[in-house]
Amino acid sequence: MILIDSNIFIQSARMEYRFCFCGGFWHLLKELHNAGQVCSIRAVQQELLAGHDDLAKWIKQLPNSFFLDERQDRNVQARYGDLMNWAVNHPQFNDVAKKQFAQPHADPWLVAYAAVHKMKILTHEKFDPNIRRSIKIPNAADYLNVDCLGLYDFLEEVAENNFNLKQTV
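**Details of the sheet that holds strand β5 (residues 148-149)**
Here comes step 1: Spatially, the five strands line up as an open sheet ordered β3-β2-β1-β4-β5, and their pairing is parallel. Edge strands, defined here as strands with exactly one partner in the open sheet, are β3 (67-68) and β5.
Here comes step 2: Pairing between strand β1 (residues 2-4) and strand β4 (residues 120-122): three bridges, direction parallel. Residue pairing for β4: L3 is matched across the bridge by I121.

Written out as structure tokens, the structure reads:
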């Protein structure tokens, strides 16, 4: 199972896979969810619903099962705490990065959930071993031994011929 980061939805809706000309992409996400391949967490859902745009409308029509409740799982809460402790005490990141990471948002919850449930994360963010000014999902995921995928590698694995679900998935 793969957890989808907010930025996959946002960038896709605003740029490459706008609803007005690329409905196949959005249909593929639904198919992949129905096949038990992808989902996300409630914190991502809340970030996306705040937009009050076409993406928020699309998110509202997804089944409740698409978004898992990260805060009801004590193991996820514990991993979230571990991740916050790591971030706050890591000498690589500056104080602004640490404060920003500790703000209420989906990224640390996504990483904690993926770690507990042995999932991968689909994100546009890239691992940067030298980053200081922010804490990116792949850097936090690396700490908890969670794998991250980029969108285009993911699509190559699961789709073919204009976003048709590969039969091997």
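**Overview of the packing of helix α5 (residues 74-89) against helix α6 (residues 95-102)**
How two helices sit against one another is set out by the angle between their axes and by the gap between those axes.
Here comes step 1: Interaxial distance between α5 and α6 falls to 9 Å at its minimum, and their mutual angle equals 165°. With respect to α6, the element α5 is oriented roughly antiparallel. Relative to α6, the crossing made by α5 is left-handed. On the side of α5, the interface is formed by L83, M84, A87, V88 and N89, while α6 contributes K98, F101 and A102.
Here comes step 2: Residue classes in the contact of α5 with α6 are distributed as six nonpolar, one polar and one charged.

**Points about the nonpolar core**
Here comes step 1: F9, F25, W26, I59 and F154 are the most contacted members of the largest nonpolar core, which totals 62 residues.
Here comes step 2: Per-element accounting of this core gives the leading share, eight residues, to helix α7 (residues 106-116).
Here comes step 3: Non-local contacts of I59, meaning those with residues more than four positions away in its chain, are made with F9, Q45, L48, L49 and F67.

**Quick look at the environment of Y17**
Here comes step 1: Tracing the backbone shows Y17 in the loop between α1 (6-14) and α2 (23-34).
Here comes step 2: Those residues in contact with Y17 that lie beyond four places of it in its chain are S12, C22, F25, W26, L151, Y152, L155 and F163.

**Quick notes on the side chain of E125**
Here comes step 1: Topologically, E125 is positioned in the loop between β4 and α8 (137-143).
Here comes step 2: Buried charge without a salt bridge: E125, with K136 as the nearest opposite-charge side chain at an N-O distance of 4.7 Å.
Here comes step 3: There is a polar contact of 2.6 Å between the side chain of E125 and the backbone nitrogen of I137.
Here comes step 4: Among residues more than four places away in sequence, those in contact with E125 are D5, N7, D107, K136, I137 and P138.

**What to know about the packing of aromatic side chains**
Here comes step 1: Under the counting rule described, the total for this entry stands at 13 aromatic pairs.
Here comes step 2: Pairing F19 with W26 gives two aromatic rings, centres 4.4 Å apart and planes at 25°, and the pair type is stacked.
Here comes step 3: According to the relative accessible area criterion, F19 is partly exposed, its value standing at 25%.
Here comes step 4: When the centroid spacing of 5.6 Å and the interplanar angle of 75° are considered together, the rings of W86 and F93 count as edge-to-face. As far as burial versus exposure is concerned, W86 and F93 are alike and both buried.

**So, the pattern of salt bridges**
Here comes step 1: Taken as a whole and judged by the stated rule, the model has three salt bridges.
Here comes step 2: Where R79 meets D82, a salt bridge forms, and the shortest distance between an N and an O atom there is 3.1 Å. Of this pair, R79 and D82 both sit in helix α5, three residues apart, which is roughly one turn of that helix.
Here comes step 3: Looking at R79, the relative accessible area reads 27%, which means it is partly exposed.
Here comes step 4: Note on D82: relative accessible area 34%, which makes it partly exposed.

**A word on α5**
Here comes step 1: Taking 1.5 Å of rise per residue, the 16 residues of α5 would be expected to cover 22 Å, and the 23 Å separating its terminal C-alpha atoms lies within 8% of that figure.
Here comes step 2: Of all the residues in α5, the buried ones are V76, Y80, L83, M84, W86 and A87. Axial view of α5: buried residues confined to an arc of 160°, hence all on one face. In α5, the exposed positions angled more than 90 degrees off the buried face are occupied by R74, N75 and N89.
Here comes step 3: Where α5 is buried, its residues meet α6, α7 and α8.
Here comes step 4: The backbone nitrogen of N75 has a side-chain oxygen 2.9 Å away, supplied by the residue at the start of α5, namely D73.

Definitions and cut-offs
- Residues numbered from 1 in each chain as written.
- Predicted model: local features only at pLDDT ≥ 70, side-chain atom pairs only at ≥ 80, totals over all residues.
- Heavy atoms only, no water.
- Pairing = 2+ DSSP bridges.
- Helix = DSSP H or I, 4+ residues; strand = E, 2+ residues; numbered from the N terminus.
- Axes fitted to C-alpha atoms, helices over the stretch in contact; angles between N-to-C directions.
- Parallel < 35°, antiparallel > 145°, perpendicular 65-115°, else oblique.
- Left-handed = near helix turned anticlockwise from the far one by under 90°.
- Contact = heavy atoms within 4.5 Å.
- Nonpolar A, V, L, I, M, F, W, Y, C, P; charged D, E, K, R; others polar.
- Core = buried A, V, L, I, M, F, W, Y, C linked by side-chain atoms within 4.5 Å.
- Buried < 20%, exposed > 50% of the residue type's maximum accessible area, 1.4 Å probe, protein only.
- Lys, Arg positive; Asp, Glu negative; His and termini not counted.
- Salt bridge = Lys/Arg side-chain N within 4 Å of Asp/Glu carboxyl O.
- Polar contact = N/O pair within 3.5 Å; in protein donor to acceptor, adjacent residues only side chain to side chain.
- Phe/Tyr/Trp six-rings, centres within 6.5 Å; stacked < 30°, edge-to-face > 60°.
- Expected span 1.5 Å × (residues − 1).
- Arc of directions from axis to C-beta.

None of the figures reported here should be taken as evidence of function without further support.
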